[in-house]
Amino acid sequence: TEEKLPVNESYITKLIPVKYIRADEAIKFLRPLVSRDGHVSAFGPRNLLLVVDSAVNIEKVMSIIKLIDKPSTVQEAAKINVYFLENADATNLAKVLQGIVKDLRTSYKTSRRQIKRIGPTTVPVINVTPDKTTNSLIIVAPPSDYENIVQVIKKLDKRRKQVFVEAMIIEASIGRLKELGARWRAMARSNDEPVAIGGFGNISYSAVQSIISGLTGFSAGGMGNFLEIPVTTVSSSGTISTQKLTAPGFAALFSLNYFKNAVNVLSTPQILTSDNEEAEIVVGENVPFISKRERDLTTTNTVLSSIERKDVGITLRITPQITEGDYVKLNIFQEISAVKDTPESVLTTVGPTTTKRSTKTTIVVKDGHTVVIGGLMQEKEEKGTAKTPILGDIPILGWLFKFERVSKDKTNLLVFLSPHVIKEAPELSKITEEKYMEFVKREKFYASGELLVKFKEGVSEESARQIIAGAGASIIKYYEGIKVYHIRLKPGMEVEEAVREFMSIPEVLYAEPNYKATIQRPAEDSGKKKIAPAVENGDAGTSPAPSDEGPQSQEKDTGAAETAAAGNNNPPEDRRETAGSKKFSAVTDIPGGKSYFIQVGAWRNFEAAKKMLEKLTARYPATYILQDNNFNKVRIPGIKSKKEGELILKDLKEKFSLQPILVLKTKQG
C-alpha cells in the first residue's frame with residue numbers, strides 16, 4: 001500500500017514514478033496544476049517525475065497521474081492513401097520513403113521499450129508502394145504518420161531543372177596548324193580586318209591567332225586565351241554587343257576555308273537532359289567482329305564463324321548536376337573509335353582492327369561558359385609513291401625512277417562543352433528560337449534578291465537613297481520606327497555578294513538577308529500583312545475597337561514595289577514570312593477544321609503594339625502582330641477550345657488590364 005501524505009500547507013518534495021507514459025510528456029499537462037512557487041521536472045532514465053509543492057497540490061497531482069498512467073488500449077488505425085506525383089518518379093521516390101518508414105518503425109519500437117509498455121508491443125502499419133503506370137504512391141499509414149510523409153513528398157516532388165549541353169568534337173592537325181599559324185601572322189600584319197563567321201558575328205584576326213595558338217599549344221596559357229574569344233555582333237536594330245565564342249561559334253569558324261585540312265569537325269551534338277540524368281549520343285557504325293570460329297567435323301573445308309556486332313564511332317555520355325551559383329558539374333565519358341585500314345586477307349580471317357581514344361572525367365563549368373578537354377594525341381603514318389611515268393613501272397629497274405614517301409601527321413582530339421541551365425519554359429523557348437535562327441541562317445532560308453539595310457546615325461534619308469540607287473537596288477519599304485530599308489537588289493546579284501558590298505560602305509551600320517524566321521502558308525488575303533509567328537487570317541471584322549497610342553508610324557513605300565513584296569515586308573526585329581512558302585509552327589490545326597484565337601487589341605502605332613507583344617510573349621510565346629489596313633492587331637493563336645480561351649481571357653483581364661475577345665476561326669473563314 002502507498003504511504004498516505006498528511007494534508008497541510010507546507011511544501012514538500014515527491015518523486016513519482018510513471019509506468020505507461022513518458023515523464024517529459026506528463027510534464028506538459030501537469031505544469032498548469034502546480035502552484036506559482038512549485039516546481040515539476042522529469043528524470044528521463046528512470047521515467048520519474050519530481051514535484052515540489054504543497055501537500056494538498058501533490059495529492060491532486062498524484063490522483064491525476066493514477067488516472068492517466070494506464071496501458072493504452074486504442075491504436076490509431078492505418079488507412080490506405082494514394083498520392084499522385086507531378087514531377088518525381090514514383091519508383092525512385094518510393095525507395096527514399098521506404099528508408100524513412102524503416103526509421104519510423106525503429107523509433108516506435110524504441111519509444112515503447114523506454115516506457116515499459118505492458119501488453120502487445122504492436123507497431124503501426126506503415127508501407128509505401130509505387131505504381132509506375134499512374135506515377136503515384138500507395139501509402140498505408142495512420143493519419144498522423146501519413147501527414148508527415150506527405151510533407152516530405154511535397155518537398156521532393158519539385159520540377160527539376162534541365163541542362164542543354166552543346167558539344168563539339170574536333171581533330172586538329174598539329175603540323176598543318178603550325179603552317180596556318182605562320183601564314184595567319186603575316187595576314188594579320190598586312191590586314192587587321194575582322195573575320196566574319198556566318199550567323200555568329202565578327203572575330204578579330206588577333207583572336208583567331210589565339211585560337212590557333214590554343215589548338216597547337218604554342219604559348220603558355222594558350223588554352224586559357226583560347227576560351228576567352230570575344231565575338232562582336234550587330235543586330236538589325238543597330239545594337240552592338242560582344243559575347244564569348246561558344247561551341248556553335250567554334251564550329252562555324254572551323255568551317256571557314258582558313259581552317260580547311262587543319263581542323264576536322266567530327267561531330268557537333270547538342271542534347272537536353274534533366275538534372276542528374278545521364279544523356280548519351282552515339283554516332284557511328286555497327287561493325288561485325290568475328291567472336292568465335294568452329295570447324296564442321298562432317299566436312300573438311302567448312303568453318304563456322306560467330307559474328308558479334310559492336311558500335312564504332314563517336315560516343316558521348318554526359319550526366320549534369322546543377323550546383324549553387326549557376327555552376328554545372330559534368331560527369332563525362334567520351335570515346336572515339338574507328339576501323340583501321342586492314343589488308344583484305346587479314347580482314348576475312350581475323351577481322352577488322354579498331355583504334356580507340358577515350359576519356360572519362362568530372363568537371364565543373366559555369367552556366368553558359370565553354371570548357372575544352374584535349375590532349376588525346378594520335379600519330380598517323382601516310383605512305384605515298386612518287387615515280388616517273390612509264391619508267392617507274394619497269395620491273396626491278398623501275399626503282400631507279402621512283403621512291404616511296406612516308407609522312408607522319410600528329411592529330412589532337414579536343415572536346416568542347418558549353419552547358420546552359422534551363423530553369424523555366426521561356427528559357428527553353430528562347431534557346432529553341434536561337435537554334436532555329438542558326439539553322440535558318442546556315443541553310444540560307446532567306447528571300448532571294450532582297451536585303452535589309454540600316455545606316456549609321458547622321459546619314460540623311462537622301463544620302464541613304466542615293467547609296468541604295470548607286471548599288472543598282474530599289475526600295476521596297478522603309479520602316480521609320482527602326483530606320484531600316486527593305487530593298488530589292490539589282491537583277492543577277494546574289495544576296496551574299498550584296499551583304500559584302502553594303503557592309504563595305506562606310507555609311508552602312510548593318511546589312512543582312514531577309515530571313516524567313518517562320519515559314520507561312522499562302523496568304524488568304526493579300527491585303528493583310530503579318531508579323532510572325534503567323535497563323536491563318538481570321539475574320540477582320542471581329543477585331544475590338546482600335547486605340548491610338550501616339551502618332552501613326554510612317555511607312556514610305558515605292559508603289560508597285562510594295563505590292564510585289566506584300567508577303568514579306570515586316571521589320572527585321574520580328575520574325576518574318578514570305579508569301580507562297582509553307583508554315584512550320586508550334587501551332588497545329590484543330591481537328592474538325594476549327595480553332596479559336598484571342599484578339600488582344602488593335603493599335604494605330606506599331607511601337608505600341610510591339611510593346612504589348614513583348615509583354616505577352618513571355619507568358620504566351622505564340623503571340624503575333626497582324627497588320628490590317630492602318631491597324632496593328634495583337635493576337636494569341638492556337639486556342640483549342642472555348643473553355644481554354646475563357647481562361648486566357650480572364651488572365652489577360654486580371655494581369656494586364658485588357659479587354660480582349662475570343663474569336664472562332666475556321667479553315668473556310
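In this text, all values refer to a predicted model and were calculated from it rather than measured experimentally. Position numbers for residues start from 1 in each chain and track the written sequence from start to end. Selection of residues for local features in this predicted model requires a pLDDT of at least 70, selection of side-chain atom pairs for listing and counting requires 80 or more, and totals for whole chains, interfaces and linings are taken over all residues. With hydrogens and water excluded, all non-hydrogen atoms of the structure serve as input to the side-chain values.

Undergrad: Sorry if this is basic, but what is going on with the overall build of the protein chain here?
TA: Every helix listed is a DSSP run of H or I at least four residues long, and every strand listed is a run of E at least two residues long, numbered separately from the N terminus. For the protein chain, the helix and strand inventory stands at 15 helices and 29 strands. Per-residue burial for the protein chain yields a buried fraction of 39% across its 669 residues. Note on definitions: a residue-residue contact is assigned when non-hydrogen atoms from the two residues lie within 4.5 Å. Taking as baseline every contact in the protein chain between residues at least 6 positions apart, the subset at least 24 positions apart corresponds to 70%. Accessible surface is estimated by sampling points in the Shrake-Rupley manner with a 1.4 Å probe; for residues, cover comes only from the protein chains shown. Accessible surface, the protein chain: about 37900 Å² in total, of which carbon and sulfur atoms supply 52%. For the exposure calls, accessible area comes from a 1.4 Å probe over protein chains only, and a residue counts as buried if that area is under 20% of its type's maximum, exposed if over 50%, partly exposed in between.

Undergrad: Can you walk me through the pattern of salt bridges in this structure?
TA: Side chains that differ in sign of charge can pair as their charged atoms come close. Criterion for a salt bridge: a side-chain nitrogen of Lys or Arg within 4 Å of a carboxyl oxygen of Asp or Glu. What the rule picks out here adds up to 11 salt bridges. Ionic pairing is found between E277 and R160, a salt bridge with its closest N-O pair at 3.2 Å. Here R160 lies in the loop between helix 4 (143-156) and strand 7 (162-173) and E277 lies in the loop between strand 13 (270-274) and strand 14 (279-295), a separation of 117 residues in the sequence. We classify E277 as partly exposed; its relative accessible area is 34%. Between E280 and R317 there is a salt bridge, and its shortest N-O distance comes to 3.0 Å. With a gap of 37 residues between them, E280 in strand 14 and R317 in strand 15 (residues 303-323) connect regions that are remote in the sequence. Taking relative accessible area as the criterion, E280 reaches 43% and is therefore assigned partly exposed. Via salt bridges that share partners, R619, D651 and K655 belong to a single interconnected network.

Undergrad: Sorry if this is basic, but what is going on with the nonpolar core here?
TA: In a soluble, globular protein the nonpolar side chains are often hidden away together inside. I203, I211, L215, L245, L253, F254 and F416 are the most contacted members of the largest nonpolar core, which has 32 residues in total. Among the elements of the structure, strand 7, helix 5 (174-190), strand 8 (195-197), helix 6 (205-216), helix 8 (247-254) and strand 19 (402-422) are those that each provide at least two residues to this core. Contacts of F254, omitting those with residues within four sequence positions, involve M168, I170, I211, L215, F226, F259, V263, V265 and F416. Among buried residues, the Ala, Val, Leu, Ile, Met, Phe, Trp, Tyr and Cys ones that are joined through side-chain atoms within 4.5 Å form a nonpolar core. I475, I487, L489 and V499 belong to the second-largest nonpolar core, a separate cluster that totals 24 residues.

Undergrad: What is the right way to look at the sheet that holds strand 2 (residues 39-43) in this model?
TA: Across a sheet, strands are paired by hydrogen bonds formed along the backbone, either parallel or antiparallel in direction. By the convention used here, strands pair only if DSSP detects at least 2 bridges between them. Across the sheet, three strands lie side by side as 1-3-2; this open sheet has antiparallel pairing. Lying at the two open borders of the sheet, with one neighbouring strand each, are strand 1 (11-17) and strand 2. Between one strand axis and the next, the sheet turns by 15° as a mean value, whatever way the strands run. Helix axes are fitted to C-alpha atoms over the stretch in contact, other axes to C-alpha atoms as well, and angles between N-to-C directions run from 0 to 180 degrees. Here helix 2 (residues 55-68) sits on the sheet and contacts strand 1 and strand 3 (48-54); the angle it forms with strand 3, its principal contact strand, is near 145°.

Undergrad: I keep staring at the sheet that holds strand 6 (residues 136-141) and nothing clicks. Help me out?
TA: Strand order in the open sheet made by the three strands is 4-6-5, with antiparallel pairing throughout. Across the chains shown, the open sheet's two edge strands, defined by having one partner strand only, are strand 4 (79-84) and strand 5 (127-131). The average angle at which neighbouring strand axes cross in this sheet is 20°, direction not considered. Summarising the sheet, strand 4 and strand 6 pair through six bridges and their orientation is antiparallel. In the sheet register, Y83 faces strand 6, and the bridge partner there is L137.

Undergrad: Could you clarify how one ought to interpret a nonpolar patch on the surface in this entry?
TA: Each patch is built from residues that are more than 30% exposed by relative accessible area and take part in no salt bridge. Like charges join if they lie within 9 Å; nonpolar side chains (Val, Leu, Ile, Met, Phe, Trp, Tyr) join within 5 Å. Among the surface-exposed residues, L391, I394, L397, L400 and F401 lie close enough to one another that they form a single nonpolar patch of about 460 Å² accessible area. Positionally, L400 belongs in the loop between strand 18 (371-387) and strand 19. Taking the relative accessible area as the measure of exposure, L400 reaches 67% and is therefore exposed.

Undergrad: What is the right way to look at the side chain of S136 in this model?
TA: Position of S136 relative to the elements: it lies in strand 6. Among the residues examined, S136 registers a relative accessible area of 2% and is labelled buried. A polar contact of 2.6 Å, which involves the side chain of S136, links it to the side chain of T134. When neighbours within four sequence positions are excluded, S136 is seen to be in contact with V82, Y83, F84, L85, A90, T129, P130 and D131. Under this definition, polar contacts are N or O atom pairs within 3.5 Å; protein pairs additionally need one hydrogen-donor-capable and one acceptor-capable atom, and for neighbouring residues in sequence, both atoms have to be side-chain atoms.

Undergrad: Would you take a moment to explain the packing of aromatic side chains for this structure?
TA: By convention here, two paired aromatic rings are described through the distance between centres and the angle between planes. Stacked, edge-to-face and tilted are the three classes for Phe, Tyr and Trp ring pairs, Trp counted by its six-membered ring, which pair at centre distances within 6.5 Å; planes under 30 degrees apart are stacked, over 60 edge-to-face, the rest tilted. With the rule as written, the count across this model stands at six aromatic pairs. Seen in terms of ring centroids, F455 and Y485 are 5.6 Å apart; in terms of plane orientation they differ by 90°. Their pairing is edge-to-face. Placement of the pair is F455 in strand 20 (residues 446-455) and Y485 in strand 22 (residues 484-488), with a sequence separation of 30 residues. In this structure, F455 and Y485 share a single accessibility class: buried. Only Lys NZ and Arg CZ are tested; either one counts as a charge over a ring when it is within 6 Å of the ring centre and within 35 degrees of the ring normal. Over the face of the ring belonging to F289 we find K310, whose NZ or CZ atom lies 5.8 Å from the ring centre.

Undergrad: Looking at this structure, I do not really get the pairing of strand 6. What am I missing?
TA: Looking along a regular strand, one sees side chains alternate from face to face of the sheet. As defined by bridge partners, strand 5 adjoins strand 6 across five bridges and the pair is classed as antiparallel. Within strand 6, the residue paired with D131 across the bridge is S136. Linkage of strand 5 to strand 6, two consecutive antiparallel strands, is achieved through a turn of four residues, within which N135 is found at a positive phi near 50°.

Undergrad: Explain helix 4 to me, please; I cannot follow it from the model alone.
TA: Helix span, as expected, comes to 1.5 Å for every residue beyond the first. Under the 1.5 Å per step criterion, the end-to-end length of helix 4 is 20 Å for 14 residues, consistent within 8% with the ideal 20 Å. Regarding helix 4, the residues found buried are D145, Y146, I149, V150 and I153. For helix 4, the buried positions fall inside an angular range of 140° around the axis, keeping them on one side. Note that the arc is defined by the directions from the helix axis to the C-beta atoms.

Undergrad: Just checking my understanding: could you explain helix 11 (residues 461-470) for this structure?
TA: What sets the pattern is the α-helix's 3.6 residues per turn: residues three or four places apart point alike. By the burial criterion, the buried members of helix 11 are A464, I467 and I468. Along the long axis of helix 11, the arc covered by the buried residues comes to 100°, so they all point the same way. Exposed residues lying more than 90 degrees from the buried face of helix 11 are E462, Q466, A469 and G470. Its buried side turned inward, helix 11 meets strand 20, strand 21 (474-479), strand 22 and helix 12 (495-503). Immediately downstream of helix 11, the backbone of G472 shows phi near 80°, a positive value.

Undergrad: Honestly, unusual backbone geometry in this entry has me stumped. Any pointers?
TA: Across residues other than glycine, the phi torsion is negative in most instances, and most of the peptide bonds are trans. One non-glycine residue, N135, lies in the positive phi region at around 50°. The topology assignment puts N135 in the loop between strand 5 and strand 6. N135 sits in the partly exposed class, given a relative accessible area of 21%. One non-glycine residue, S657, lies in positive phi territory at about 55°. Of note, S657 is situated in the loop between helix 15 (642-656) and strand 29 (661-666).

Undergrad: What should I look at first to understand the environment of T370 in this one?
TA: Position of T370 among the secondary structure elements: in the loop between strand 17 (353-366) and strand 18. Counting along the chain gives 49 residues from T370 to P419, while the straight-line C-alpha distance between them is 7.4 Å. In this structure T370 touches L227, L245, T246, A247, F416, L417 and S418, once residues within four positions along its chain are discounted. Only 2.6 Å separates the side chain of T370 from the side chain of S418, close enough to count as a polar contact.

Undergrad: What is the right way to look at the environment of M503 in this model?
TA: Among the secondary structure elements, M503 is positioned in helix 12. Distance from M503 to V453, taken between C-alpha atoms, is 9.2 Å for residues 50 residues apart in sequence. Excluding its chain neighbours within four sequence positions, the residues that come into contact with M503 are L509, Y510 and A511.

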